[in-house]
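# Observations on chain architecture
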Amino acid sequence: MADTTDFRNGFTMLINGAIFSIAEFQHVKPGKGSAFVRTKLKNMKTGAVLDRSFRSGDKVDEVRLEKREIQYLYSEADSYTHQTLPPKP
C-alpha cells in the first residue's frame, strides 16, 4: 500500500481491478477544508484517461511494472514464444 505522498509521474496503481499510471498530478491546499491531490490517470490496457482526486493521506494499491524489450519469435496454439533482448547501453 502507498499513500498520496508517494505519487509522482509514472507511478502505477490498481483501481477497481485495472492498472493506472499517473500522467499528471497536483497537490491542492484550498484555503478552507483539507488538502487533496488532483490526478490524470491513464489506463495501461485501454489508454483511456481518467481525472480523479484523492484526499491527502488516502491509501492505494501500488503496482510495480517491469519494462523489458523482447523479440517475438513465433506462436503455437494459444501461447507465444519470445526472447528477452539484452539492455541497450
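That block above? That's the structure.
The shown structure was predicted, so the numbers you read here are calculated from the model rather than taken from an experiment.

## Concerning the overall build of the protein
The helix and strand inventory of the protein stands at 0 helices and 8 strands. Order of helices (α) and strands (β) in the protein, N terminus to C terminus: β-β-β-β-β-β-β-β. Here the C-alpha radius of gyration of the protein, 18 Å, is well above what a compact globule of 89 residues would show, namely 12 Å. Seen through its C-alpha atoms, the protein measures out along the principal axes to roughly 60 × 35 × 20 Å.

## As for the nonpolar core
Residues Ala 2, Phe 7, Phe 11, Met 13, Ile 15, Phe 20, Ile 22, Val 37, Leu 41, Phe 54 and Val 60 constitute the largest nonpolar core, which totals 11 residues. When residues of this core are traced back to their parent elements, those giving at least two are strand 2 (12-15), strand 3 (18-28) and strand 4 (36-43). Sequence-distant contacts of Val 37, that is, excluding residues within four places in its chain, are made with Thr 4, Phe 7, Phe 25, Gln 26, His 27, Arg 52, Ser 53 and Phe 54.

## Quick word on the pairing of strand 5 (residues 49-55)
Successive side chains on a regular strand alternate, one facing one side of the sheet and the next facing the other. Sheet topology places strand 4 next to strand 5; 7 bridges connect them, and they run antiparallel. Looking at strand 5, one finds that Lys 42 is bridged to Val 49. Hairpin remark: strand 4 followed by strand 5, antiparallel, with 5 residues in the connecting loop; positive phi at Gly 47, about 85°.

## Thoughts on the pattern of salt bridges
Side-chain pairs of opposite charge can arise whenever the charged atoms involved come near each other. This structure, assessed with the given rule, holds 4 salt bridges. With a shortest N-O distance of 3.9 Å, Glu 62 and Arg 64 are connected by a salt bridge.

## So, the packing of aromatic side chains
Per the counting criterion, the structure on display carries 3 aromatic pairs. Each ring, one from Phe 7 and one from Phe 11, has its centre 5.5 Å from the other, and the planes form 40°; the classification is tilted. Just as Phe 7 is buried, Phe 11 falls in that class too. With a centroid separation of 5.3 Å and 80° between ring planes, the pair formed by Phe 7 and Phe 54 is classed as edge-to-face. Placement of the pair is Phe 7 in the loop between strand 1 (2-3) and strand 2 and Phe 54 in strand 5, with a sequence separation of 47 residues.

## Side note on the side chain of Thr 39
In this structure, Thr 39 sits in strand 4. Among the polar contacts made by the side chain of Thr 39, one reaches the main-chain carbonyl oxygen of Arg 52 at a distance of 2.8 Å. With sequence-adjacent residues up to four places away left out, Thr 39 is seen in contact with Phe 7, Glu 24, Phe 25, Leu 50, Asp 51, Arg 52 and Phe 54.

Procedures and definitions
- Residue numbers here run from 1 along each chain, matching the order of that chain's written sequence.
- Only residues with pLDDT of 70 or above have their local features reported here, since the model is predicted, and side-chain atom pairs are shown and tallied only from 80 upward, although totals for entire chains, interfaces and linings are computed over all residues.
- Processing note: side-chain calculations cover all non-hydrogen atoms of the structure and skip hydrogens and water entirely.
- Here a helix means four or more residues in a row that DSSP labels H or I, a strand means two or more in a row labelled E, and each is numbered from the N terminus.
- Using C-alpha atoms as the atom set, the radius of gyration is obtained and then compared with a globule rule of 2.2 Å times the number of residues to the power 0.38.
- In plain words, nonpolar cores are sets of buried Ala, Val, Leu, Ile, Met, Phe, Trp, Tyr and Cys residues tied together by side-chain atoms within 4.5 Å.
- Only protein chains enter the accessibility calculation, which uses a 1.4 Å probe; a residue whose area is less than 20% of its type maximum is buried, one above 50% is exposed, and one in between is partly exposed.
- Only heavy atoms matter for contacts: two residues are in contact if any of them lie within 4.5 Å across the pair.
- In this scheme, strands are said to pair when DSSP sees at least two bridges between them.
- Each salt bridge in this description consists of a side-chain nitrogen of Lys or Arg and a carboxyl oxygen of Asp or Glu lying within 4 Å of one another.
- Stacked, tilted and edge-to-face pairs are distinguished by plane angle, under 30 degrees for stacked and over 60 for edge-to-face with tilted covering the rest, among Phe, Tyr and Trp rings (Trp via its six-membered ring) whose centres lie within 6.5 Å.
- Polar contact criterion, stated in full: a pair of N or O atoms within 3.5 Å, where within protein one must be able to donate a hydrogen and the other to accept it, and residues adjacent in sequence count only if both atoms are side-chain atoms.

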